[in-house]
Amino acid sequence: MGQRRRAGTVNTSSSQRFSGAPAQAARKHNICMVSDFFYPNMGGVESHIYHLSQCLIEKGHKVVIATHAYGRRKGIRYLTNGLKVYYLPLQVMYNQSTATTCFHSLPLLRCVFVRERITVVHAHSSFSAMAHDALFHAKTMGLNTVFTDHSLFGFADISSVLTNKLLTVSLCDTNHIVCVSYTSKENTVLRATLNPEIVSVIPNAVDPTDFTPDPSQRQDDRITIVVISRLVYRKGIDLLGGIIPELCLKHPDLHFLIGGEGPKRIVLEEVREKYQLHDRVRLLGALEHKDVRGVLVQGHIFLNTSLTEAFCMAIVEGASCGLQVVSTRVGGIPEVLPEDLITLCDPTVGSLCAGLETVIARQRSGFVPSPASIHAHVRNLYTWRNVAERTEKVYDQVAGEGVLPFNRRLQRLRAHCGPVAGSIFAFVAVLDFLFLLFLQWLVPDRVMDIAVDATGPHGLWRQETSHVEMKTENV
């Protein structure tokens with residue numbers, strides 16, 4: 001990584017192609033966000049898609065979201081500001097990700113793209129099979145494409161090798177790629193063998209009004225360490241299981257408040273049972289987003305034990321609530337917060353315990369900034385409106401680019417992905433194109449109903465409603 005970059009000073013594009021350009025009239029886009037991960041599922045990707053969509057709607061763009069059905073939540077739902085969500089009937093295979101055969105999703109996604117007059121397809125997350133499908137189909141249909149990568153991957157294990165090859169295929173002719181940190185950009189460029197010029201760095205953000213401090217919720221007779229995370233291996237829950245007994249033995253007034261769910265919960269339950277820490281370690285289970293702030297404000301220290309992170313929104317949320325942050329020094333985490341707001345440690349039990357000891361001593365001595373001052377510092381580092389402005393520039397850029405003709409797309413696949421994988425996916429692209437021709441013959445685009453636009457304060461539904469109200473008043 002070289003010299004550490006200052007938090008909050010990420011560029012919109014490494015080539016600076018967006019800076020210094022003459023001011024132009026704002027172009028309005030019809031955007032379809034696609035990912036397997038969206039509400040009611042909870043996580044960083046879900047929050048990113050929702051808040052980015054709301055800010056883009058505020059700026060006058062039309063935004064719809066396509067994801068898979070969640071239980072009984074199927075069909076079309078409307079969220080705040082008329083944000084339309086298509087919960088498509090696609091089969092979930094593993095960890096909320098759909099099974100990908102590429103072709104079963106084309107009829108559904110084509111219907112969404114045509115009915116909503118989509119001009120930009122924005123896919124999210126390397127883990128999402130539906131995102132890869134959407135990129136593939138959008139390029140077949142001649143639509144501009146953008147992809148946001150939210151995660152870091154390795155290069156050695158079989159899962160990473162397969163995912164990286166799929167990413168290489170998906171991104172080789174995608175118009176633009178967005179990463180949430182410089183470390184994430186370097187990782188994605190290497191994994192997918194991309195030209196760095198088409199990869200931008202746009203961070204995640206936090207709504208500061210949702211995460212405000214409230215010191216009155218803390219208990220003064222104890223020091224509370226808060227952990228809010230998915231309880232999975234890559235979040236370092238095994239490290240947390242080693243930290244808890246060691247620190248609880250040294251500090252009788254130390255308590256842990258742990259929110260989240262996952263297969264590694266059993267590790268924490270075993271530790272709590274073995275060392276009889278039921279009154280000092282509370283496992284809250286899965287939390288809804290609206291309840292996270294209520295947990296954070298009860299703590300003095302926020303602990304993150306992740307083994308890999310591209311950005312980590314959780315530490316920003318913790319700092320925004322006025323907590324001292326202790327985190328592993330992995331991935332893009334060193335880029336996120338200034339040095340005076342975070343204590344970085346190696347991903348080992350010993351290093352994390354030493355870091356926590358330092359912060360605990362500082363907390364007891366009272367030589368820590370007030371929660372209000374920490375919040376005031378953090379609230380201006382990352383805002384969703386700033387993220388939306390940078391993303392809007394990416395859309396303006398890709399809207400001026402042409403989509404590769406089909407013959408050149410086949411050549412790019414074979415040249416970029418290797419003679420074997422490239423030929424296989426070129427053949428899949430041909431089948432996808434033929435299937436699209438069949439669907440266009442079966443149900444031509446011109447006979448498909450155009451969806452009513454309810455997006456934003458000036459959506460057609462709102463206009464129609466106001467007209468009905470005026471007529472009622474006149475009667």
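Only a predicted model underlies this, so the values are computations on that prediction, with no experimental measurement involved.

Novice: Help me understand the overall build of the chain, please; the structure alone is not making it clear to me.
Specialist: A tally of helices and strands in the chain yields 15 helices and 16 strands. A total of 475 residues make up the chain; the buried ones form 53% of that total. Summarising the internal contacts of the chain: among those between residues at least 6 apart in sequence, 73% fall at separations of at least 24. For the chain, the exposed surface amounts to about 21100 Å²; the carbon and sulfur share of it is 55%.

Novice: Would you mind showing me how to read the packing of helix α6 (residues 237-250) against helix α10 (residues 349-365) here?
Specialist: Packed helix pairs are specified by the crossing angle of their axes together with the interaxial distance, meaning the distance between the axes. Here α6 crosses α10 at 45°, and the two axes come no closer than 9 Å. In terms of axis orientation, α6 runs oblique to α10. The handedness of the crossing between α6 and α10 comes out as right-handed. Here α6 contributes Leu239, Gly242, Ile243, Glu246, Leu247 and Lys250 to the contact with α10, which in turn contributes Val349, Leu352, Cys353, Leu356 and Glu357. Along the lines of polarity and charge, the residues of the contact of α6 with α10 split into 7 nonpolar, 1 polar and 3 charged.

Novice: Is there a simple way to explain the side chain of histidine 48 in this structure?
Specialist: On the secondary structure map, histidine 48 appears in helix α1 (residues 44-58). Once residues within four sequence positions are removed from consideration, histidine 48 is found in contact with His124, His150, Asn204 and Trp384.

Novice: Looking at this model, I keep getting lost on the pattern of salt bridges. Mind explaining?
Specialist: Scanning the model with the defined rule gives 19 salt bridges in all. Lysine 62 is the partner of glutamate 116 in a salt bridge, and the nearest nitrogen-oxygen pair spans 2.8 Å. Taken as a pair, glutamate 116 in the loop between α2 (106-115) and β7 (120-124) and lysine 62 in strand β2 (residues 62-68) lie far apart in primary sequence, 54 residues in all. For the pair glutamate 116 and lysine 62, a shared accessibility class is recorded, and that class is buried. Taking the shortest distance from any N to any O, the salt bridge between lysine 290 and glutamate 288 comes out at 3.9 Å.

Novice: What is the right way to read the side chain of aspartate 173 from this model?
Specialist: With respect to the helices and strands, aspartate 173 occurs in the loop between α4 (158-171) and β9 (176-179). At a separation of 2.8 Å, a polar atom in the side chain of aspartate 173 contacts the side chain of lysine 139. Excluding anything up to four places from it in sequence, aspartate 173 contacts Lys139, Thr145, Leu404, Arg409 and Arg412.

Novice: Can you walk me through the environment of arginine 408 in this structure?
Specialist: Within the secondary structure, arginine 408 sits in helix α13 (residues 406-417). The class for arginine 408 is partly exposed, based on a relative accessible area of 45%. On a C-alpha basis, the gap between arginine 408 and aspartate 173 in space is 9.7 Å, while along the polypeptide they are 235 residues apart.

Novice: Quick question: what am I supposed to make of the nonpolar core here?
Specialist: Across soluble globular proteins, you tend to see nonpolar side chains buried next to one another. Residues Met33, Ile315 and Leu337 are the most contacted members of the largest nonpolar core, which totals 62 residues. A per-element tally of this core places α1 first, with 7 residues. Built from parts of two domains, this core gets at least three residues from each of domain 1 (30-205 + 397-447) and domain 2 (209-381). Apart from the residues within four sequence positions on either side, isoleucine 315 is in contact with Phe302, Asn304, Val325, Ser327, Ile333, Val336, Leu337 and Ile342. Judged by nonpolar contacts, the second largest core, of 28 residues, contains Leu254, Phe256, Val271 and Cys345.

Novice: What should I look at first to understand the environment of histidine 68 in this one?
Specialist: Turning to its location among the elements, histidine 68 is positioned in strand β2. Once the C-alpha coordinates of histidine 68 and glutamine 96 are considered, the two residues, 28 residues apart in sequence, prove to be 8.7 Å apart. Reaching out from histidine 68, the side chain makes a polar contact with the backbone oxygen of aspartate 36 at a distance of 3.2 Å.

What counts as what
- Residues numbered from 1 in each chain as written.
- Predicted model: local features only at pLDDT ≥ 70, side-chain atom pairs only at ≥ 80, totals over all residues.
- Heavy atoms only, no water.
- Helix = DSSP H or I, 4+ residues; strand = E, 2+ residues; numbered from the N terminus.
- Buried < 20%, exposed > 50% of the residue type's maximum accessible area, 1.4 Å probe, protein only.
- Contact = heavy atoms within 4.5 Å.
- Areas by Shrake-Rupley, 256 points an atom, 1.4 Å probe, with all protein chains shown as cover.
- Axes fitted to C-alpha atoms, helices over the stretch in contact; angles between N-to-C directions.
- Parallel < 35°, antiparallel > 145°, perpendicular 65-115°, else oblique.
- Left-handed = near helix turned anticlockwise from the far one by under 90°.
- Nonpolar A, V, L, I, M, F, W, Y, C, P; charged D, E, K, R; others polar.
- Salt bridge = Lys/Arg side-chain N within 4 Å of Asp/Glu carboxyl O.
- Polar contact = N/O pair within 3.5 Å; in protein donor to acceptor, adjacent residues only side chain to side chain.
- Core = buried A, V, L, I, M, F, W, Y, C linked by side-chain atoms within 4.5 Å.
- Domains from an automatic or database assignment.

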